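So the chains spell out like this:
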Amino acid sequence: MKTKALRLYGENDIRVEEFELPQLKDDEILAKIISDSLCMSSYKAAIQGARHKRVPNDVAENPIMLGHEFCGVIEAVGAKWQDKFKAGDKFVIQPALNYKGRLDAPGYSFPYIGGCATYIIIPSMVMEVGCLLPYNSDTFFYGSLAEPVSCVIGSYEEFFHSKAGTHKHDMGIKEGGSLLILAGAGPMGYAATDYIIHCERKPSRLVVTDIDQTKLDRMASIITVEDAKKNGVELTYLNTNGVEDAETLIKAQNGGKGFDDVLAMAPVKSVAELADKCLGYNGCLSFFAGPSDTAFKAEVNFYNVHYNETHIVGTVGGNSNDMVKAIRMSEQGKINPAAMVTHIGGLDCTAEATMNLPKIGGGKKLIYTQIDMPLTAIADFAEKGKTDPEMAKLAEITARHNGLWSEEAEAFLLKNRNVM
């Protein structure tokens, strides 16, 4: 059968193309993609091509499908997996397969599986490592957002602190301690803040910084200081734009002391160095956003590493358990990933949108792969609705949901476009 997909051929060479899928093998599964959320990691793969760690060296001859934050419906199941999966099942995929220690991942490494596509073939290794996950909700975009939320869950699991008098570590953030999220008003910073306020292991004090007041204001209107307080967290939003001594200003929010845990959300030298400066005794810094520059460097205070027992970890994503937790918390209403989404589009806009992700601004770009639709900011629905009835209806729906994308908005769009 034919599929249409966003394919990577090399550095700065991605194309939306229609082509034939091979015949389904007994150990494979055919699936229909409904939604995919564009990720900055796809942009990094697009600009690096074969230089990217997960992209095959022969990508120019054998292009791969891009997109790894997707949700869909199983269409057909090969004989090997018919006792576990059936046509009509909804699913999400954890792309971090770690199959036999390899870096291969959907959306980076395979010719027939990626989120920016209409139909895909899921290879046996995905099922073998338990990364094809059942999804029981009727709202597909929450499934797409489960992968990025799982990444922030995974990052919190990787924090650690030394245990005095032993050579053992306590894993996770310091419960009841202080947490700083730098460059935190983007979509992943939102997810990190939303999750840590509403999970079981949480800090007593949380400071979220950014240099964009508009983003901070939007975030504060959704994740309120009052809600955080109800959950036992003292939350502060802080704009550090133009501040000469950001370290002192930030530490002032924590009684002048360094923080137990610091999450750096941007691959920027000044952010990484500020994160290091803001660590307290036995503090842990998690460098969340991976740089595209393989020679990226920042200064670290090794005096503090030695005498103040500070630690640095990197985050490469979540695992299947993190993804299941993300889905469960969304279904239970404990977290609201919808606020991560600021733009909606169809498969036809994915090449341009992916190549321009750093320039577009806003939060997550949510793609419905079964339709064509220009990438459109939710904030622009009302204006476009003056000449477009579909946009007018979407503007009405999102207005009733505090300006956010929603189950109701998705259901209307898919029904209006005869997708579901």
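Refer to the structure above for everything that follows.
Residues numbered from 1 in each chain as written. Predicted model: local features only at pLDDT ≥ 70, side-chain atom pairs only at ≥ 80, totals over all residues. Heavy atoms only, no water.

The next point concerns the sheet that holds strand 2 (residues 13-20). With antiparallel pairing, the three strands of this open sheet are ordered in space as 2-1-4. With partners counted over all chains shown, the strands left at the sheet margins are strand 2 and strand 4 (64-65), one partner each. Note: strand 1 (residues 2-10) against strand 4, two bridges, orientation antiparallel. Looking at strand 4, one finds that Arg7 is bridged to Met65. (Pairing = 2+ DSSP bridges. Helix = DSSP H or I, 4+ residues; strand = E, 2+ residues; numbered from the N terminus.)

Further remarks concern the pairing of strand 7 (residues 119-122). A regular strand carries its side chains on alternate faces of the sheet. Neither face of strand 7 is open: one carries Tyr119 and Ile121, the other Ile120 and Ile122, and all of them are buried. Pairing between strand 3 (residues 29-38) and strand 7: four bridges, direction antiparallel. Bridged to Ile29 within strand 7 is Ile122. (Buried < 20%, exposed > 50% of the residue type's maximum accessible area, 1.4 Å probe, protein only.)

Interhelical geometry of helix 3 (residues 140-158) versus helix 10 (residues 320-331) gives an angle of 120 degrees and a closest axis separation of 8 Å. For helix 3 against helix 10, the interelement crossing comes out right-handed. Facing helix 3, whose interface residues are Ala146, Glu147, Val149, Ser150, Ile153, Gly154 and Glu157, helix 10 presents Asp322, Met323, Lys325, Ala326 and Ile327. Across the contact of helix 3 with helix 10, the residue classes break down as six nonpolar, two polar and four charged. (Axes fitted to C-alpha atoms, helices over the stretch in contact; angles between N-to-C directions. Left-handed = near helix turned anticlockwise from the far one by under 90°. Contact = heavy atoms within 4.5 Å. Nonpolar A, V, L, I, M, F, W, Y, C, P; charged D, E, K, R; others polar.)

Between helix 3 and helix 4 (residues 187-198), the shortest axis-to-axis distance is 9 Å and the interhelical angle comes to 60 degrees. It follows from the interaxial angle that helix 3 and helix 4 lie oblique. Like other packed secondary-structure pairs, helix 3 and helix 4 cross with a definite hand, here right-handed. Between helix 3 and helix 4, the residues in contact are Pro148, Val149, Cys151, Val152, Ile153 and Tyr156 and Met188, Ala191, Ala192, Thr193, Tyr195 and Ile196, respectively. (Parallel < 35°, antiparallel > 145°, perpendicular 65-115°, else oblique.)

This part covers the pairing of strand 15 (residues 279-287). The buried fraction of strand 15 amounts to eight of the nine residues, a majority that puts the element mostly inside the structure. The pairing of strand 14 (residues 259-264) with strand 15 spans five bridges and is parallel. By the bridge assignment, Phe259 is partnered in strand 15 with Leu279. On the question of chirality, the crossover connecting strand 14 to the parallel strand 15 by way of helix 8 (residues 269-277) is right-handed. The pairing of strand 15 with strand 16 (residues 311-314) spans four bridges and is parallel. Among the inter-strand pairings, Cys284 is bridged to a residue of strand 16, identified as His311. (Right-handed = clockwise from strand over helix to strand, strands pointing away.)

A few words now on the nonpolar core. Core analysis: the largest hydrophobic core is formed by 70 residues, its most contacted members being Tyr156, Ile181, Leu206, Ile344, Tyr368 and Trp405. The residues contacting Ile181, other than those within four sequence positions of it, are Tyr156, Ala192, Thr193, Leu206, Val207, Val208, Thr209, Leu263 and Met265. Of all hydrophobic cores here, the second largest spans 29 residues; its members include Leu21, Ile29, Phe70 and Phe110. (Core = buried A, V, L, I, M, F, W, Y, C linked by side-chain atoms within 4.5 Å.)

For the rest of this paragraph, the subject is the sheet that holds strand 12 (residues 205-210). The sheet built from six strands is open, its strands ordered 13-12-11-14-15-16 with parallel pairing. Two strands lie at the open edges of the sheet, namely strand 13 (234-239) and strand 16, each paired on one side alone. In this sheet, neighbouring strand axes are inclined to one another by 15 degrees on average, regardless of whether the strands run parallel or antiparallel. In this fold helix 8 packs onto strand 11 (178-182), strand 14 and strand 15, with an angle of close to 155 degrees to the strand it touches most, strand 15.

Turning our eyes to something else, we now look at the packing of aromatic side chains. The final tally for this structure, using the stated rule, is eight aromatic pairs. Plain terms: the ring middles of Tyr156 and Phe159 are 6.0 Å apart, the flat faces sit at 20 degrees to each other, and that makes the pair stacked. Ring centres of Phe381 and Trp405 lie 6.3 Å apart, and the angle between their planes is 65 degrees; this geometry places the pair in the edge-to-face category. With Phe381 in helix 13 (residues 381-384) and Trp405 in the loop between helix 14 (389-400) and helix 15 (407-416), this pair connects stretches of sequence that are 24 residues apart. For the pair Phe381 and Trp405, one class covers both residues: buried. One aromatic cluster is present, built from ring pairs that chain together Tyr156, Phe159 and Tyr195. Of note, Arg15 hangs over the ring of Tyr9, and the distance from its end group to the ring centre comes to 3.6 Å. (Phe/Tyr/Trp six-rings, centres within 6.5 Å; stacked < 30°, edge-to-face > 60°. Lys NZ or Arg CZ within 6 Å of the ring centre and 35° of its normal.)

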